[in-house]
Amino acid sequence: MADTIFLNRELISGLAPERPEDGHKNTFGTALICAGSEFMTGAAVMATGAALRSGAGLVKVFSEEKTLDAIRYNEPCALLALRPDNTASLLRKAKELCTASSVLLGSGIPEDLKDLEALTGIFLENSERIVLDAGAFPGKADRLGRFKELLRNRKNPAVITPHIGEFARLTGTSKEEVMKNPEGLALAFAKENNCVTVLKGATTFIATPDGKLFANENANSGLAKGGSGDVLAGLIAGFQAQKMEPYKAALAAVYIHSAAGSLAACDLGKRTMLPTDLLVYLPEAYLEAGWEDFDE
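Residues numbered from 1 in each chain as written. Predicted model: local features only at pLDDT ≥ 70, side-chain atom pairs only at ≥ 80, totals over all residues. Heavy atoms only, no water.

Q: Which residues make up the overall build of the protein, and what values go with them?
A: Of the regular secondary structure elements, the protein holds twelve helices and ten strands. Against the globule reference of 19 Å for 296 residues, the protein gives a C-alpha radius of gyration of 18 Å, in line with a compact fold. Oriented by its inertia axes, the alpha-carbon framework of the protein measures out at about 50 × 45 × 35 Å. In the protein, which comprises 296 residues, the proportion classed as buried is 54%. Considering only contacts in the protein between residues 6 or more positions apart, those separated by 24 or more positions represent 68%. Total accessible area computed for the protein in this model is approximately 13400 Å², and 50% of it derives from carbon and sulfur atoms. The protein carries 31 positive and 38 negative side-chain charges, and their two centres are separated by 5 Å. (Helix = DSSP H or I, 4+ residues; strand = E, 2+ residues; numbered from the N terminus. Rg over C-alpha atoms; globule rule 2.2 N^0.38 Å. Buried < 20%, exposed > 50% of the residue type's maximum accessible area, 1.4 Å probe, protein only. Contact = heavy atoms within 4.5 Å. Areas by Shrake-Rupley, 256 points an atom, 1.4 Å probe, with all protein chains shown as cover. Lys, Arg positive; Asp, Glu negative; His and termini not counted. Charge placed at Lys NZ, Arg CZ, Asp CG, Glu CD.)

Structure representation (structure tokens):
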């Protein structure tokens, strides 16, 4: 198995995407956030907040009405696109939106959402850069084959962000088996299916299709709360919108997300910190990662 490379400031500081002073919003790309549902509006809000604070020029949210209402209130800088109920209209609109610089699909979307499998197929086949989280992973074993085929057929690897349970489902194993050998299984899946695998846990492993394995060992129980993964996925999508390579966007996002978590835990405590607090601490996290030197 490949030697594990541990994330550190020196590695991450060199990954920051260029930010020319004469750039405009289109210079820094558009992140499309296809996330959220009536009873999980917060997932889209947090992913959108992270993407907006990633440096992306534009962030557009593709979702149902209640989620868009939550975005209007919480993240007014985002653009909005209504997710149609009609199948033909939905798939037509999705194909139009594939022109975004990057796409996040799955956060806060229930597995039984009508047309989700077809929606996933359209984005995987037509989006240049894509992050798949939560609801985008097949809920039934009979759909795994098609999902993996779509991953393998991509020219630019997708980034997937499963937690242990979701990854067990993707690999057809149990949570216990994954926990015994997370790094080996993540690496095998990445290589076999042409994707960057971000296996989330107390230690998060990032495996690449060409056999590299990275790890972030900064365990923080304050991040063990619903919504933390949505912030991470939004960051990856935002970084990819700025034309970062998929694995570099994943490495940077994992490190900066973790740094924001550490800062929040220091000030607020692990018990009481919330995933929404991570957005507040992103400026300091970028500074810690060597991506910002604030003008005095």
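There's more to say after this.
Q: Explain the sheet that holds strand β10 (residues 213–216) to me, using residue names and the numbers behind them.
A: Strands sit in the order β1-β10-β9-β8-β7-β6-β5-β2-β3-β4 across an open sheet of ten strands; the sheet is mixed. Looking along the sheet, the strands with just one partner apiece sit at the ends: β1 (4–6) and β4 (79–82). Along the sheet, successive strands turn relative to each other by an average axial angle of 20 degrees, direction set aside. The pairing of strand β5 (residues 102–105) with strand β6 (residues 130–132) spans three bridges and is classified as parallel. Bridged to L104 within β6 is V131. Where helix α9 (residues 182–193) meets the sheet, its contacts fall on β7 (158–160), β8 (195–199), β9 (204–207) and β10, and the angle it forms with β8 comes to roughly 160 degrees. (Pairing = 2+ DSSP bridges. Axes fitted to C-alpha atoms, helices over the stretch in contact; angles between N-to-C directions.)

Q: Let's hear about the pattern of salt bridges: which residues, and what values?
A: All chains considered together, the criterion is met by twelve salt bridges. In this structure, K200 engages D133 in a salt bridge whose closest nitrogen and oxygen atoms are separated by 3.6 Å. With K200 in the loop between β8 and β9 and D133 in the loop between β6 and α6 (144–152), this pair connects stretches of sequence that are 67 residues apart. The pair formed by K200 and D133 is uniform in burial state, with each residue classed as buried. A single salt-bridge network, built from bridges that share partners, covers E125, R146 and E149. (Salt bridge = Lys/Arg side-chain N within 4 Å of Asp/Glu carboxyl O.)

Q: Describe the packing of aromatic side chains, with residues and values.
A: Using the criterion set out here, one finds six aromatic pairs in the structure. Consider the rings of F137 and F147, whose centres lie 6.4 Å apart with planes at 85 degrees: the pair is edge-to-face. Of the two residues, F137 is situated in the loop between β6 and α6 and F147 in helix α6; the sequence distance between them amounts to ten residues. Of the two residues examined, F137 and F147, each falls in the buried class. (Phe/Tyr/Trp six-rings, centres within 6.5 Å; stacked < 30°, edge-to-face > 60°.)

Q: Describe the pairing of β5, and please don't skip the residues or the numbers.
A: Neither face of β5 is left uncovered, since the one carrying S102 and L104 and the one carrying V103 and L105 both have all their residues buried. Inspection of the sheet shows strand β2 (residues 30–34) paired to β5 by four bridges, in the parallel sense. The partner of I33 across the bridge, within β5, is L104. At this point the chain moves from β5, through helix α5 (residues 116–126), to the parallel β6, and the crossover so formed is right-handed. (Right-handed = clockwise from strand over helix to strand, strands pointing away.)

Q: Pulling in residues and values, what's your account of the pairing of β4?
A: With four bridges connecting them, strand β3 (residues 58–63) and β4 associate as parallel partners. Residue pairing across strands places S63 opposite L82, the latter belonging to β4. Where the polypeptide runs from β3 across helix α3 (residues 65–74) and back to β4, its parallel neighbour, the crossover connection is right-handed.

Q: Requested: an account of the state of the cysteines, with residues and values cited.
A: Overall, the coordinates contain zero disulfides when judged by the stated rule. No disulfide involves C34; its sulfur sits 9.7 Å from the nearest other cysteine sulfur, which is in C98. No disulfide involves C195; its sulfur sits 19 Å from the nearest other cysteine sulfur, which is in C98. Residue class for C195 comes out buried when judged on its relative accessible area of 0%. (Disulfide = S-S within 2.5 Å.)

Q: Before we move on, can you summarise the environment of Y255 with the specific residues and values?
A: Mapped onto the secondary structure, Y255 falls in helix α11 (residues 246–268). Once the C-alpha coordinates of Y255 and G201 are considered, the two residues, 54 residues apart in sequence, prove to be 13 Å apart.

Q: Mind laying out the environment of M244, listing which residues take part and the relevant values?
A: Position of M244 among the secondary structure elements: in the loop between α10 (228–241) and α11. Owing to a relative accessible area of 6%, M244 belongs among the buried residues under this scheme. For the pair formed by M244 and V231, sequence separation is 13 residues and the distance between their alpha carbons is 18 Å. If we ignore the near neighbours within four places in the chain, the residues touching M244 are L15, P17, R129, F239, A249, A252 and W291.

Q: Explain the packing of α5 against α6 to me, using residue names and the numbers behind them.
A: It is the contact of α5 with α6, at a shortest axis distance of 9 Å, that shows an interaxial angle of 15 degrees. By the angle class used here, α5 and α6 are roughly parallel. α5 and α6 meet at a crossing whose hand is left-handed. Residues T120, G121, L124 and E125 of α5 pack against R146, F147, L150 and L151 of α6. Here the contact of α5 with α6 is composed, by residue class, of four nonpolar, two polar and two charged. (Parallel < 35°, antiparallel > 145°, perpendicular 65-115°, else oblique. Left-handed = near helix turned anticlockwise from the far one by under 90°. Nonpolar A, V, L, I, M, F, W, Y, C, P; charged D, E, K, R; others polar.)

Q: Would you mind going over the environment of D267 in detail, with residue names and values included?
A: Looking at the secondary structure, you find D267 in helix α11. In terms of polar contacts, D267 uses its side chain to reach the side chain of Y281, at 3.0 Å. (Polar contact = N/O pair within 3.5 Å; in protein donor to acceptor, adjacent residues only side chain to side chain.)

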